[in-house]
Amino acid sequence: SDDTGNRLRFQLELEFVQCLANPNYLNFLAQRGYFKDKAFVNYLKYLLYWKEPEYAKYLKYPQCLHMLELLQYEHFRKELVNAQCAKFIDEQQILHWQHYSRKRMRLQQALAEQQQQNSTSVK
């Protein structure tokens, strides 16, 4: 029964931590006063264990760790009440993903060209 409880807790915390990657969800939490609740803020501090590699490897949205880190700061939590703040964060994430995708594609192309040159010169 302990294993089942631990597994459920792991799944719930994993899902919640990943939700923190969504700036609109953060805005929702801020507008409903969650970030003013000391117990909730302490819970966010507790969740920092997800930054450890043994837990982080399960994350699909690693940017949630950056948001979790920022949520440790009262000023950031207060700013999230403003929908414009959430919109700005959302736009910055999209720009990051676009840049990352283009950069990754260029790196993969360069690697493929290098491997092709290496295989041609070996023959």
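Given the structure is predicted, the values throughout are model-derived calculations rather than measurements.

Caption draft 1: A look at the packing of aromatic side chains. All chains considered together, the criterion is met by 13 aromatic pairs. When the ring of phenylalanine 10 is compared with that of tryptophan 50, the centres are 5.3 Å apart and the planes differ by 40 degrees; the resulting orientation is tilted. On the criterion of sequence distance, the pair formed by phenylalanine 10 in helix α1 (residues 2-19) and tryptophan 50 in the loop between α3 (38-46) and α4 (53-56) is long-range, its members being 40 residues apart. A relative accessible area of 24% means that phenylalanine 10 is categorised as partly exposed. Using a relative accessible area of 0% as the deciding quantity, one classes tryptophan 50 as buried.

Caption draft 2: Broad picture of α3. Those residues of α3 that sit buried are Phe40, Val41 and Leu44. The buried residues of α3 occupy an angular sector of 100 degrees when projected down its axis, which confines them to one face. Of the exposed residues in α3, those oriented more than 90 degrees away from the buried face are Lys38, Ala39 and Lys45. Its buried side turned inward, α3 meets α1, α2 (23-31), α5 (63-70) and α6 (74-79). At the N-terminal end of α3, a side-chain oxygen is found 3.0 Å from the backbone nitrogen of alanine 39, two or three residues along, and the residue is aspartate 37.

Caption draft 3: Highlighting the state of the cysteines. Across all of its chains, the model carries zero disulfides by this definition. In this structure cysteine 19 is not part of a disulfide, and its nearest cysteine sulfur, from cysteine 64, lies 9.3 Å away.

Caption draft 4: The confidence of the model for the protein, seen in detail. Looking at the protein as a whole, its pLDDT mean stands at 89, while 93% of the residues score no less than 70. Looking at the elements of the protein, mean pLDDT is at its lowest for helix α7 (residues 83-122), recorded as 77, and at its highest for α3, recorded as 98.

Caption draft 5: Just the packing of α1 against α3, in detail. Taken N-terminus to C-terminus, the directions of α1 and α3 make an angle of 100 degrees; their axes are 12 Å apart at the nearest point. It follows from the interaxial angle that α1 and α3 lie roughly perpendicular. Contacts from Arg9, Glu13 and Phe16 of α1 reach α3 at Phe40, Tyr43, Leu44 and Tyr46. Class assignment for the residues of the contact of α1 with α3 results in five nonpolar, no polar and two charged.

Caption draft 6: Spatial organisation of the pattern of salt bridges. Tallied over the entire structure, the rule returns three salt bridges. Lysine 51 is paired through a salt bridge with glutamate 69; the nearest N and O atoms lie 2.5 Å apart. With a gap of 18 residues between them, lysine 51 in the loop between α3 and α4 and glutamate 69 in helix α5 connect regions that are remote in the sequence. The exposure class of lysine 51 is partly exposed, given its relative accessible area of 40%. For glutamate 69, a relative accessible area of 27% corresponds to the partly exposed category. A salt bridge links glutamate 74 to lysine 78; its shortest N-O distance comes to 3.3 Å.

So, how was this worked out
- Residues numbered from 1 in each chain as written.
- Predicted model: local features only at pLDDT ≥ 70, side-chain atom pairs only at ≥ 80, totals over all residues.
- Heavy atoms only, no water.
- Phe/Tyr/Trp six-rings, centres within 6.5 Å; stacked < 30°, edge-to-face > 60°.
- Helix = DSSP H or I, 4+ residues; strand = E, 2+ residues; numbered from the N terminus.
- Buried < 20%, exposed > 50% of the residue type's maximum accessible area, 1.4 Å probe, protein only.
- Arc of directions from axis to C-beta.
- Contact = heavy atoms within 4.5 Å.
- Polar contact = N/O pair within 3.5 Å; in protein donor to acceptor, adjacent residues only side chain to side chain.
- Disulfide = S-S within 2.5 Å.
- pLDDT = per-residue confidence, 0-100.
- Axes fitted to C-alpha atoms, helices over the stretch in contact; angles between N-to-C directions.
- Parallel < 35°, antiparallel > 145°, perpendicular 65-115°, else oblique.
- Nonpolar A, V, L, I, M, F, W, Y, C, P; charged D, E, K, R; others polar.
- Salt bridge = Lys/Arg side-chain N within 4 Å of Asp/Glu carboxyl O.

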